[in-house]
Amino acid sequence: MKNSMIRWASTAVIGLGLAVGSVAAATAQEAGAAPEFPLKKPVHQSWSFGGIFGQYDQAQLQRGYKVYKEVCSACHSMRLLKFRNLADEGGPHFSEEQVKALAAEYTIQDGPDDNGEMFDRPRLPKDPFPSPFANDKAARAANGGALPPDMSLLAKARAVHSGFPWFLVDMIIPYQEQGPDYIVALMNGYQDAPADVKVPDGLNYNPYFLSNFAIGMPKPLSDGQVEYTDGTPQTVEQYSKDVSAFLMWAAEPHLNERKQLGLKVMLFLITFAGVLALLKRKIWLNTPH
Amino acid sequence: MSGHSTYEPKSGIEKWLEKRLPIVRLLHDAGVSYPTPRNLNPLWTFGGILAMMLVIQIVSGIVLAMHYASNSALAFDSVEGIMRDVNWGWLIRYIHANGASMFFIAVYIHILRGLYYGSYKEPRELLWVLGVIIYLLMMAAGFMGYVLPWGQMSFWGATVITNFFTAIPVIGQPIQTLLIGGFAVDNATLNRFFSLHYLVPFIIAGVVVLHIWALHVVGQNNPLGIDVKSEKDTVPFTPYATSKDGLFMVLFLVFYAWFVFYQPNYLGHPDNYTPANPLVTPAHIVPEWYYLPFYAILRAITFNIGPIDSKLGGVLAMFGSIAVTAFLPWLDTSKVRSGRFRPLFRIAFWLFVAAVLFLGYLGSQPADGNAVLYAQVCTAYYFAFFLIILPVLGFIEKPKALPNSIIEDVLAKSKH
Amino acid sequence: MAHSDTTAEPTRRDFLLLTAGAFGAVGVASVAWPFIDQMNPDASTRALASIEVDISALQSGQSITVLWRGKPVVVRNRTDKEIEEGKAVKLEELKDPIARNANVDPSADATDANRSAKDKENILVMVKVCTHLGCIPLDESGEFGGWFCPCHGSQYDTAGRIRKGPAPENLPVPVYAFTSDTKIRIG
């Protein structure tokens, strides 16, 4: 039994080794291929919600919402978010009253009333975030042909691949903050283009942009632009981290719950497996196999 | 099923049932007294794990269908409604989405185990062919399920896959139009995919019953690949196999839970969190990881072969790569089942595994430069393995000496 | 081989088997809960749980019906005659002597005062769903001048109390409050 285990394990290792070796050879070859975007890979940030025990930082999400509201929301919608979500536990967790006040800052068309007329009323917690443009065409027209993407799921819809073999490491760490890391890198990545690069009119050089070397959006954040009342530094770097955390929450609102439950489930299953391993050993104890 | 039954009805209700519907006898013979070779290694637990995965997918899928809207205007938002608003919806969707990947991981281990230990050889040919049918149905279910969230990858995956049919001369285009119910993938396509995605798992369950039936008629293969010769070679299914199956099922669940709770989107594609847009194709269209080797084979055919143009050639190669596995029992000419006693086969087998893994990697990369060449080499090996190496090896390979019986081998080893 | 040895230590093996069984049972039961709870109203449904009704235009003798949680809720500005009729009914005559008003004590009597709005006896707010099998009774009809259910003939009086027919209970009064003199928040 032991021998056979060792034998098939070793064959498996050899097989995998062969595969890994050949893949690695291929990736080495590919380094010289056509330019791949992004030109630069994002740096991994340290997030409160990273790792197995990670949880959102409520204060950070509240600051992030402020940045979204005062800066991003001028062009980017968040159509899947409702104001009531802002009161969610495991989210920004604003109080019910705060949420009502935040919602009431905007109006929404409702109706028809008893006379068949549509009317505007203040938004309620059940209502969605307002969109800056009536439709995609209006958004394009106002932004030189570029469509500012909806931000509801942006933090899960953007990821820079780690490439072989790092994607295997990512699986184990576990690293799943590609989205917020990318957004931070993009926000801080605006810079002058190298002399030999000609940036087309209306675009802005940014080597971190996922699909080109230049992006339609001009540098959106500047130091001191959004006022923080809790003493947090008012820098582009801080803003970008806060808004990225907020976007991650918006895209994955149940992360806190998921990681808490995950821990319990893992402990349960591992203990269960231990009991079953003992039982199996007991059953097979005097049965050669 | 096979052999005589050792079941004795005891209680009154068992005796009553025995005369009318001997279901207790069936369960007893299949799940308790069924003789299993005593030398099975943990790779033999994946059949049970697959049965568990099928149940998990069907249950979680039925629940998701309670909240999903199969309409192109609503589908994406209804999935997000599940993720955000439905009680535990995020958990159930991640169980289902990652469950598909786990199902395929388990089935690939199960298939490779059968391949290595020659489980497809006489008298298990039909068992193997039923397995190939299950695998094909799984691919269909997985593909149609991936379309349902109606994200960018859903839409463009559906577009690319249904375009396979246009490779067929003359009738290809009308067939594709018929399949997608329009001139492009749209609401009609989504609706029929949802209907079929709900149906296929139950067909799978039906074929699984046949698969298990066939298994219980011929009995399990074992790592030595030799036939069971006496009762001494076997142990009863319960408690021996059940205790082992149970342990490895739970260990598999640990692996599964890791993805559900800590890497729920790792096996998905970020572009599928962008709603479907018929005007914009994503930069790299990549199928789900479990189709990547076949996708690489499809793209490897970049040249015309006589009257067959490269497009049709790619589609034929891709379907052929799966179809050829159905003929495996008759392509392998060796009398020895287990790879353990076949030194040359072993090398060819691991090269085959490496080629498939490498094809999978290439399938995820842009098809340019050397990637195409590598894919062509691997594709050539893939087909050569089935069509040349396995038929020839049976004649030129000198297998190692087989043990006389399972029990003899087991006892000889336990002495060390 | 040596099968008899496996029973040499029955206690330990039995204990392990029991423990494994318990783990399995707990595991299946815990997984079952999310799969059942998902059928309960989701967060968006729960968020719509309260509505506001403007009754400034509601004259005496008029009713309006609004949709609340997918059910019709009637707000009636009762006439003096209707109030008198409601008050005149003796409790013994009622089929269901309980108020069925979510705003008062659950065991309160079905007096006219316990059915109508506090300090506004002319206002009656009820879920207009027959307590028999869920049809919608017609306004201002039936033998008692209240509501009449066309499905199976249940008759309700001017305070929405069941008087005749197969329905077992009075029409339920939902939780509501006056946010101003002319606005009611239901739920």
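Criteria and cut-off values
- Residues numbered from 1 in each chain as written.
- Chains lettered and ligands numbered in written order.
- Predicted model: local features only at pLDDT ≥ 70, side-chain atom pairs only at ≥ 80, totals over all residues.
- Heavy atoms only, no water.
- Helix = DSSP H or I, 4+ residues; strand = E, 2+ residues; numbered from the N terminus.
- Buried < 20%, exposed > 50% of the residue type's maximum accessible area, 1.4 Å probe, protein only.
- Contact = heavy atoms within 4.5 Å.
- Areas by Shrake-Rupley, 256 points an atom, 1.4 Å probe, with all protein chains shown as cover.
- Buried area = accessible area lost by both parts, 1.4 Å probe.
- Salt bridge = Lys/Arg side-chain N within 4 Å of Asp/Glu carboxyl O.
- Pairing = 2+ DSSP bridges.
- Axes fitted to C-alpha atoms, helices over the stretch in contact; angles between N-to-C directions.
- Polar contact = N/O pair within 3.5 Å; in protein donor to acceptor, adjacent residues only side chain to side chain.
- pLDDT = per-residue confidence, 0-100.
- Phe/Tyr/Trp six-rings, centres within 6.5 Å; stacked < 30°, edge-to-face > 60°.
- Lys NZ or Arg CZ within 6 Å of the ring centre and 35° of its normal.
- Patch = residues over 30% accessible without salt bridge, like charges linked within 9 Å, V, L, I, M, F, W, Y side chains within 5 Å.

A. A look at the overall build of chain A. If you tally the helices and strands in chain A, you get nine helices and four strands. The order of α-helices and β-strands along chain A, N terminus first, is α-α-α-β-β-α-α-α-α-β-β-α-α. Counting only residues that meet the buried cut, chain A has 41% of its 289 residues in that class. Put simply, of all contacts in chain A between residues at least 6 apart along the chain, 61% involve residues at least 24 apart. For chain A, the computed accessible surface area is about 14,500 Å², with 58% contributed by carbon and sulfur atoms.

B. Molecular detail of the environment of Ile308(B). For Ile308(B), the position within the fold is in the loop between helix 11 (292-300) and helix 12 (310-326). Here Ile308(B) is in contact with Gly313(B) and Leu316(B), once residues within four sequence places are set aside.

C. The arrangement of the interface of chain A and chain C in detail. At the interface, 13 residues of chain A touch 19 residues of chain C. Counting each side, the surface lost to burial between chain A and chain C is near 1,500 Å², with a carbon and sulfur contribution of 75%. Our count for the contact surface shared by chain A and chain C stands at zero salt bridges.

D. Main features of the sheet that holds strand 8 (residues 176-180) of chain C. All names here are of chain C. Pairing is antiparallel across the open sheet formed by three strands, whose spatial order is 1-9-8. Since the sheet does not close on itself, it has two edges, and those belong to strand 1 (51-54) and strand 8, each with one partner. In this sheet, adjacent strand axes meet at a mean angle of 30° when their direction is disregarded. Judged from the four bridges that link them, strand 1 and strand 9 (residues 183-186) form a sheet pairing that is antiparallel. Paired with Glu52 across the bridge in strand 9 is Arg185.

E. View of the sheet that holds strand 4 (residues 123-127) of chain C. Residue and element names in this part refer to chain C. Pairing is antiparallel in the open sheet, where three strands are placed in the order 2-3-4. Every other strand in the sheet has two partners, leaving strand 2 (62-68) and strand 4 as the edge strands with one partner each. Each adjacent strand pair in this sheet contributes to an overall mean axis angle of 20°, direction not counted. Looking at chain direction, strand 2 and strand 3 (residues 71-77) are connected through seven bridges and run antiparallel. Paired with Gln62 across the two strands is Asn77, which belongs to strand 3.

F. Examining the interface of chain A and chain B more closely. At the junction of the two partners, chain A supplies 64 residues and chain B supplies 60 residues. Taking both partners together, chain A and chain B bury about 5,600 Å²; carbon and sulfur atoms supply 67% of that area. Our enumeration of links across chain A and chain B arrives at two salt bridges. For Arg79(A), the salt bridge is made with Asp77(B), and the minimal N-O distance between the two is 2.9 Å. Inspection of the region where chain A meets chain B yields 18 residue pairs in polar contact (both at pLDDT 80 or more).

G. Structural context of the confidence of the model for chain A. Averaged over all residues, the pLDDT of chain A is 89; the fraction at 70 or higher stands at 88%. Low pLDDT, under 50, characterises residues 24-33 of chain A; the stretch is placed with 10 contacts to residues that sit more than four places away or in other chains.

H. Quick look at the packing of aromatic side chains. All told, the structure shown has 56 aromatic pairs over all chains when counted by the stated rule. Between Tyr68(B) and Phe194(B) the ring centres are 5.1 Å apart and the planes differ by 55°, which places this aromatic pair in the tilted class. You can see Tyr68(B) sitting in the loop between helix 3 (46-65) and helix 4 (75-84) and its partner Phe194(B) sitting in helix 9 (residues 187-218), a full 126 residues away along the chain. A residue is classified by how much of its surface remains accessible, and Tyr68(B), at 13% relative accessible area, is buried. Under the relative-accessibility criterion, Phe194(B) is labelled buried at 18%. Across the ring face of Trp44(B), the terminal group of Arg113(B) is positioned such that the distance to the ring centre comes to 4.5 Å. Above the ring of Phe178(C), the side-chain terminus of Lys120(C) is found at 4.8 Å from the ring centroid.

I. Local environment of a nonpolar patch on the surface. All names here are of chain B. Nonpolar side chains collect at one region of the surface, where Leu344, Ile347, Leu351, Leu387, Ile388, Val392, Phe395 and Ile396 lie side by side and expose about 800 Å² of accessible area between them. For the nonpolar patch, the elements supplying multiple residues, two or more each, are helix 14 (343-364) and helix 15 (370-396). Element by element, the count of residues in the nonpolar patch is highest for helix 15, at five residues. Following the sequence through the fold, Leu387 ends up in helix 15. Exposure remark for Leu387: the relative accessible area of 48% places this residue in the partly exposed category.

J. Highlighting the pattern of salt bridges. Here the structure, examined in full by the defined rule, presents 31 salt bridges over all chains. Across the salt bridge formed by Lys413(B) and Asp409(B), the nearest N and O atoms sit 3.1 Å from each other. Placement of the pair is Lys413(B) and Asp409(B) together in helix 16 (residues 406-414), with a separation of four residues, close to one helical turn. Each member of the pair, Lys413(B) as well as Asp409(B), is classed as buried. The salt bridge involving Glu169(C) is made with Arg100(C); its shortest N-O contact spans 3.8 Å. Taken as a pair, Glu169(C) in the loop between strand 7 (162-164) and strand 8 and Arg100(C) in the loop between helix 3 (80-88) and helix 4 (112-115) lie far apart in primary sequence, 69 residues in all. Taking the relative accessible area as the measure of exposure, Glu169(C) reaches 32% and is therefore partly exposed.

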